[in-house]
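The lines below spell out each chain.
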Amino acid sequence: MESSAFDSWFMHGPYVCNAATNACCAPCFLQRAMELCPDMGFLGQVSDLYRRMEVLWHGEGDSLEALGGSFNVTLENLQKRDQQEKIAANLEEFAAAADTVADVLEKGLQSL
């Protein structure tokens, strides 16, 4: 079965788009939300988690961009076993942070 660049983007792209949007947009939004709603102290923890996601997205080392697993991902890169493992580990850490965000928000909002 022959794969195209479109196939690899179709399978990988939604996660990259979510990662980029969350990592790059949430910190500024959360900073403003904390200023406007100081009673929502749990937003500080949420902000810290999104800052970690920002590093996972475009920091040094094993960030998605540094690994070649971001918007310009190639099928060749996704087929390299060592790159697959690093990209997958990055996305797994990203997902774990997102799950923690959901938990913190749920608990924090219930406490208001």
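The paragraphs below set out a description of the structure included in this document.

1. Let's talk about the nonpolar core
Y50, M53, W57 and F94 are the most contacted members of the largest nonpolar core, which has 25 residues in total. Elements supplying a minimum of two residues to this core: α1 (5–36), α2 (43–58), α3 (64–67) and α5 (81–110). Those residues within four positions of F94 in sequence are excluded, and the remaining contacts are A19, N22, A23, M53, L56 and W57.

2. Focus: α2
Over its 16 residues, α2 runs 22 Å from end to end, which matches the ideal 22 Å to within 8%, given 1.5 Å per residue. When α2 is considered as a whole, its buried residues turn out to be L43, V46, S47, L49, Y50, M53, L56 and W57. The arc enclosing the buried residues of α2, seen along the axis, measures out at 165°, which places them on a common side.

3. Some remarks on the side chain of N90
Residue position: N90 is located in helix α5. Residues in contact with N90, not counting those within four places in the same chain, are L56, D62, S63 and L64.

4. Here we look at the pattern of salt bridges
Enumeration over the complete set of coordinates arrives at four salt bridges. Put simply, R32 and E35 hold a salt bridge, and the shortest N to O gap is 3.3 Å. Here R32 pairs with E35, and both are found in helix α1, just three residues apart, close to one helical turn. A relative accessible area of 47% means that R32 is categorised as partly exposed. In this structure, R81 engages E85 in a salt bridge whose closest nitrogen and oxygen atoms are separated by 3.3 Å. Residue R81 and its partner E85 are located together in helix α5, separated by four residues, close to a single helical turn.

5. Structural notes on the packing of α2 against α5
One way to put it is that α2 packs onto α5 with a least axis distance of 10 Å and a crossing angle of 165°. Taken together, the axes of α2 and α5 lie roughly antiparallel to each other. In the packing of α2 onto α5, the handedness of the crossing is left-handed. Residues L43, Q45, V46, L49, Y50, R52, M53, L56 and W57 of α2 form the contact with α5, whose participating residues are N90, E93, F94, A97, A98, T100, V101, V104 and L105. The residue inventory of the contact of α2 with α5, partitioned by class, reads 13 nonpolar, three polar and two charged.

Cut-offs and rules
Residues numbered from 1 in each chain as written. Predicted model: local features only at pLDDT ≥ 70, side-chain atom pairs only at ≥ 80, totals over all residues. Heavy atoms only, no water. Core = buried A, V, L, I, M, F, W, Y, C linked by side-chain atoms within 4.5 Å. Buried < 20%, exposed > 50% of the residue type's maximum accessible area, 1.4 Å probe, protein only. Helix = DSSP H or I, 4+ residues; strand = E, 2+ residues; numbered from the N terminus. Contact = heavy atoms within 4.5 Å. Expected span 1.5 Å × (residues − 1). Arc of directions from axis to C-beta. Salt bridge = Lys/Arg side-chain N within 4 Å of Asp/Glu carboxyl O. Axes fitted to C-alpha atoms, helices over the stretch in contact; angles between N-to-C directions. Parallel < 35°, antiparallel > 145°, perpendicular 65-115°, else oblique. Left-handed = near helix turned anticlockwise from the far one by under 90°. Nonpolar A, V, L, I, M, F, W, Y, C, P; charged D, E, K, R; others polar.

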